[in-house]
Amino acid sequence: MQQAASALSCIRQVFATNTRGAMAMAQAVNPQMRKRRAGAIVNVTSSVTLAPMPLAAAYTASKQAIEGFTGSLAHELAHFNIRAKLVEPGYAPTTRFAQNGLVPVADLIPEAYADFAAPIFAAFARPALTTRETDVAAAIWAAVHDTAGQLRFPAGADAMALAKAK
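Quantities reported herein were computed from a predicted structural model and do not represent experimental measurements.

Conventions and cut-offs
Residues numbered from 1 in each chain as written. Predicted model: local features only at pLDDT ≥ 70, side-chain atom pairs only at ≥ 80, totals over all residues. Heavy atoms only, no water. Salt bridge = Lys/Arg side-chain N within 4 Å of Asp/Glu carboxyl O. Helix = DSSP H or I, 4+ residues; strand = E, 2+ residues; numbered from the N terminus. Buried < 20%, exposed > 50% of the residue type's maximum accessible area, 1.4 Å probe, protein only. Pairing = 2+ DSSP bridges. Core = buried A, V, L, I, M, F, W, Y, C linked by side-chain atoms within 4.5 Å. Contact = heavy atoms within 4.5 Å. Phe/Tyr/Trp six-rings, centres within 6.5 Å; stacked < 30°, edge-to-face > 60°. Lys NZ or Arg CZ within 6 Å of the ring centre and 35° of its normal. Lys, Arg positive; Asp, Glu negative; His and termini not counted.

**Quick word on the pattern of salt bridges**
Inspection of the entire model under this criterion finds four salt bridges. Glu-88 serves as the salt-bridge partner of Arg-152, at 3.5 Å between the closest nitrogen and oxygen. Residue Arg-152 is found in strand β3 (residues 152-155), and its partner Glu-88 is found in strand β2 (residues 82-89); the two are separated by 64 residues along the sequence. Accessibility expressed as a relative area gives 35% for Arg-152, which makes it partly exposed.

**Focus on the pairing of β3**
A one-sided burial pattern is seen for β3, the buried positions being Phe-153 and Ala-155 and the unburied ones Arg-152 and Pro-154. Here β2 runs beside β3; their pairing, made up of four bridges, is parallel. Across the sheet, residue Glu-88 finds its bridge partner in β3, namely Pro-154.

**A few points about the nonpolar core**
Core analysis: the largest hydrophobic core is formed by seven residues, namely Ala-26, Met-33, Ile-41, Leu-73, Leu-77, Ile-82 and Ala-84. Those elements that place two or more of their residues in this core are α1 (2-36), α2 (57-78) and β2. When sequence neighbours within four positions are dropped, the list of residues in contact with Ala-84 reads Ile-41, Thr-70, Leu-73, Ala-74 and Leu-151. One finds Val-136, Ala-139, Phe-153 and Ala-155 within the second-largest nonpolar core, a separate group that totals six residues.

**Looking at the packing of aromatic side chains**
By the definition in use, this model includes one aromatic pair. We note Arg-34 situated over the ring of Phe-80; from NZ or CZ to the ring centre the distance is 6.0 Å.

**What about the side chain of Asp-158?**
Inspection of the secondary structure assignment puts Asp-158 in helix α5 (residues 157-165). Notably, Asp-158 is buried but unbridged: the nearest opposite-charge side chain belongs to Arg-132, and the N-O separation is 9.0 Å. Discounting chain neighbours no more than four positions away, the residues touching Asp-158 are Gly-90, Tyr-91, Leu-129, Thr-130 and Thr-131.

This is the structure in structure tokens:
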């Protein structure tokens, strides 16, 4: 029961940050951009939106929600000459992302899933392709300056490979 409560608390936090936070920011800057009839909103999601990934259901759902939100925003805000874009970074181990959560991901895995999760965690420890911080910065730069109507900007070698396979 304790593990389920902890997992639910983490899910709420993930959605508060990844989904509601991004929506609130877009809502906050929208009036000023509409008034100027210019601007770009760039939401950073994740390569988990490009292909199904195990052990990431809640995180994926929080990022998929922003993918849908931003796609709709792109249509709605185009009338005001405001662009909405998505940057989809891949796995960036140098950011220590997995270590920054309140609860380590491994601690959220129920015992019944331990055998399933072990090889997945092992594979995460030695990825073939990764994303660097500079890849994300370059994708954000490209998204901000894009005037061709491109919505999605994968960032990093792994994200680009997933996007091409999609």
